[in-house]
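# Descriptive structure summary
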Amino acid sequence: MSKDRDSEGPVFSGQDARQGEIILRTRTRRIIFIAGLVGIMVLALMVSLAAH
């Protein structure tokens, strides 16, 4: 079987493939984002404690 570069899909440069930015322009958006991160940590802790 020969490998065709076209059959592998599109090729992107490292610059084009990098992750996007999280833009939190307002205080409300920042608070919601941080509260979500804290909520995930609390949930993980509760699940961990419940498993024992």
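Higher on the page you've got the structure.
The following paragraphs examine the structure supplied in this document. (Residues numbered from 1 in each chain as written. Predicted model: local features only at pLDDT ≥ 70, side-chain atom pairs only at ≥ 80, totals over all residues. Heavy atoms only, no water.)

Summing up its helical and strand segments, the protein chain has 2 helices and 0 strands in all. Counting across all 52 residues of the protein chain, residues that qualify as buried make up 0%. Accessible surface for the protein chain amounts to roughly 5,500 Å². Of this, 61% is attributable to carbon and sulfur atoms. (Helix = DSSP H or I, 4+ residues; strand = E, 2+ residues; numbered from the N terminus. Buried < 20%, exposed > 50% of the residue type's maximum accessible area, 1.4 Å probe, protein only. Areas by Shrake-Rupley, 256 points an atom, 1.4 Å probe, with all protein chains shown as cover.)

Side chains of I22, F33, I34, L37, V38, M41, V42 and M46 sit close together on the surface and give an oily, nonpolar patch of about 760 Å² of accessible area. Looking at the secondary structure, you find L37 in helix α2 (residues 27-51). (Patch = residues over 30% accessible without salt bridge, like charges linked within 9 Å, V, L, I, M, F, W, Y side chains within 5 Å. Salt bridge = Lys/Arg side-chain N within 4 Å of Asp/Glu carboxyl O.)

For the rest of this paragraph, the subject is the environment of I22. Residue position: I22 is located in the loop between α1 (14-17) and α2. The spatial distance from the C-alpha of I22 to the C-alpha of F33 is 9.8 Å, given a sequence separation of 11 residues.

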